[in-house]
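The residues making up each chain are set out below.
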Amino acid sequence: VLEFAGVSAATLAETYGTPLVVIDLEVVDAAIDAFVHACAPHGVEISYAAKAFVSIGFARHLLARGLGLDVCSTGELLIAQRAGYAPSGLTLHGAGKTDDDLRAAAQGLVGRIAVDGIDELRRLAAAARAQRVDVLLRLNSGVEARTHAFVRTGGDDTKFGIHPRDEADAAAIIAAHPHLRFAGLHAHMGSQIYDSQAFAGHAEALVDAAARFAGYGLMSEQAVVGGGFGVATQRGADERPLDLDETIATLVRRTAQRAQALGIPVPRIGIEPGRAIVAAAGTTLYRVQALKRQTTRTFVVVDGGMTDNPRPAIYGARHHVASVRRPGAADIDVTISGRSCENDELGPARLPHDLQAGDLLAMETTGAYTFSMASNYNRFPRPAVVAVEGGKHRLFIRRETLDDVIRTDADG
Ligand code: LLP
């Protein structure tokens, strides 16, 4: 019997319907424990990247566990506020901040803002008229990590970060402004990075930048090295999860060595994991709508697809799929497909030969960037998200109704 934290998949599907995203909080907590174990001895601060998955209930859980929260929009900020986060626990991100975003920082609704560009810094400077705003400057460490091009944010060919040619101007703007306070530097390499050395090299590059800013008279108290800690998403695939203890210890040691060599104070290090906290804790339950034995392949059409899980279509992501009725059995090769009016394949799977319409399937490792990227394409309602823990279950996000789906139509 397939179960999560002592609750059977069948019970969850019957109670909440399908497609259903199940978040196992015991798995989340184990991931948090692993990060805390790696970070606490070195004083490394952890701020969870809400974009991976967030709801008010989930944010409350993270707050209770003592994590900071990275928000990248006023929508995520609202969730953080409703969950009870104080501004000091929040960092505002975003690659193209709107006036509303900048106003939120200027009004002190977040503890710090990671500014990603010289134009944005000028706009923030204009907005910051009343109170102190702590600023992290987002740079590009130049480290091109080996990952999917869509999620690579370091290296020369990306929109991210303040360009080195603008660093002196950025420093001058902050130094001259009465309300802007330089808190330090930030850079994020990308996502799904399995190379521990890449993290250390990335941190060293930030220390080099801190030395340049020290030359402009600005001391970096903090160096926030972003997220991107890789997790295995497909069983048997050649994705070796990072050794977190070793990755963090190496990063911290090399940061300190570099800072000492350059004669600057050692910055406090921060990390921003998203996927590595929540990916493995998530499973999507689908109900089989039809088996279609076509000429070359057998398709298993489920009651969701690219609308609730766009990662296979966008990134070619693959997730292990198990049959809930007979979890161990794997007899025939099939292609899982969604119910959208196009080839919305969710990937290959091996499933029991007697699979039939009405059966439940469990797609693993869908906790990160799955619900948070879901859409209403085809006017499908978005699924419910349920949390499980200690044999109990409760809703994080209820299933959308058809009324929700047409809520914003002006002529309703
Ligand atoms: N910090 C910053 C500034 C970020 O932009 C991100 C993710 C993170 C931290 C967290 O990275 P993580 O630890 O989750 O890898 N939708 C894509 C992933 C986009 C990541 C965007 N930024 C996917 O589904 O693979």
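The structure this text deals with has already been given above.
A quick note: this is a predicted structure, and the numbers were derived from the prediction, not measured.

The rules behind these values
Residues numbered from 1 in each chain as written. Predicted model: local features only at pLDDT ≥ 70, side-chain atom pairs only at ≥ 80, totals over all residues. Heavy atoms only, no water. Near = heavy atom within 4 Å. Polar contact = N/O pair within 3.5 Å; in protein donor to acceptor, adjacent residues only side chain to side chain. Areas by Shrake-Rupley, 256 points an atom, 1.4 Å probe, with all protein chains shown as cover. Nonpolar A, V, L, I, M, F, W, Y, C, P; charged D, E, K, R; others polar. Pairing = 2+ DSSP bridges. Helix = DSSP H or I, 4+ residues; strand = E, 2+ residues; numbered from the N terminus. Axes fitted to C-alpha atoms, helices over the stretch in contact; angles between N-to-C directions. Contact = heavy atoms within 4.5 Å. Buried < 20%, exposed > 50% of the residue type's maximum accessible area, 1.4 Å probe, protein only. Arc of directions from axis to C-beta. Salt bridge = Lys/Arg side-chain N within 4 Å of Asp/Glu carboxyl O. Phe/Tyr/Trp six-rings, centres within 6.5 Å; stacked < 30°, edge-to-face > 60°. Lys NZ or Arg CZ within 6 Å of the ring centre and 35° of its normal.

A. Expanded view of the site of the ligand. Neighbouring the ligand are 18 residues; Ser191, Glu272, Arg275, Arg311 and Tyr369 lie closest to it. Within the contact set of the ligand, an oxygen atom lies 2.6 Å away from a side-chain nitrogen or oxygen of Arg311. Summarising the interface, the protein chains cover 91% of the accessible area of the ligand, which totals 580 Å² for the free molecule. Tallied by class, residues from the shell around the ligand come to six nonpolar, seven polar and five charged.

B. How the structure looks around the sheet that holds strand 10 (residues 222–224). Read around the closed barrel, the eight strands follow the order 4-5-6-7-8-9-10-11; overall the barrel is parallel. Neighbour-to-neighbour, the strand axes of this sheet turn through a mean angle of 30 degrees, independent of strand direction. Relative to strand 6 (residues 90–92), strand 5 (residues 68–71) is paired through three bridges, and the arrangement is parallel. The residue of strand 6 that forms the bridge with Val71 is Leu92. The strands that helix 8 (residues 196–215) touches are strand 8 (133–138), strand 9 (180–186) and strand 10; relative to strand 9, the one it contacts most, it runs at about 150 degrees.

C. Quick look at helix 4 (residues 74–83). All of the buried residues along helix 4 are Glu76, Leu77, Ala80 and Ala83. One face of helix 4 carries all of its buried residues, which in axial projection span an arc of 125 degrees. The secondary structure elements touched by the buried residues of helix 4 are helix 3 (56–64), strand 5, strand 6 and helix 5 (99–106). Of the residues that open helix 4, the one with a side-chain oxygen 3.3 Å from the backbone nitrogen of Gly75 is Ser73. Of the residues one or two after helix 4, Gly84 is the one with positive phi, at around 105 degrees.

D. Representation of the pattern of salt bridges within the structure. This structure, assessed with the given rule, holds 26 salt bridges. Between Arg398 and Asp404 there is a salt bridge, with the nearest N and O atoms lying 2.6 Å from each other. Judged by relative accessible area, Arg398 falls into the partly exposed class, the value being 45%. Shared partners join several salt bridges into a network, and the residues in it are Arg325, Arg326, Asp331, Asp354 and Asp359.

E. Quick peek at the environment of Gln131. Relative to the helices and strands, Gln131 resides in the loop between helix 6 (118–127) and strand 8. Considering only alpha carbons, one finds Gln131 and Leu180, 49 residues apart in sequence, at a separation of 8.5 Å. Contacts of Gln131, omitting those with residues within four sequence positions, involve Ala106, Gln107, Gly108 and His179.

F. A look at the environment of Ala105. Relative to the helices and strands, Ala105 resides in helix 5. Classification of Ala105 by relative accessible area gives buried; the value is 1%. The spacing of Ala105 and Ser55 is 50 residues in sequence and 21 Å in space, taken between C-alpha atoms. Residues in contact with Ala105, not counting those within four places in the same chain, are Leu92, Val110, Ile113, Leu124 and Val133.

G. Up close: the packing of aromatic side chains. As enumerated under the stated definition, the model contains nine aromatic pairs in all. Judged by centre distance (5.7 Å) and plane angle (85 degrees), the rings of Phe213 and Tyr216 are edge-to-face. Residue Phe213 is classed as buried on the basis of its relative accessible area of 0%. Given the relative accessible area of 38%, Tyr216 is considered partly exposed. Chaining the aromatic ring pairs together yields one cluster made of Tyr48, Phe53, Phe58, Phe371 and Phe396. Sitting over the face of the ring of Phe380, Arg339 holds its NZ or CZ atom 3.8 Å from the ring centroid.

H. How the structure looks around helix 5. Within helix 5, burial applies to Asp101, Leu102, Ala104, Ala105 and Ala106. Where helix 5 is buried, its residues touch helix 4, strand 6, strand 7 (112–115), helix 6 and strand 8. Positive phi shows up at Gly108, right after helix 5, with a value of about 80 degrees.

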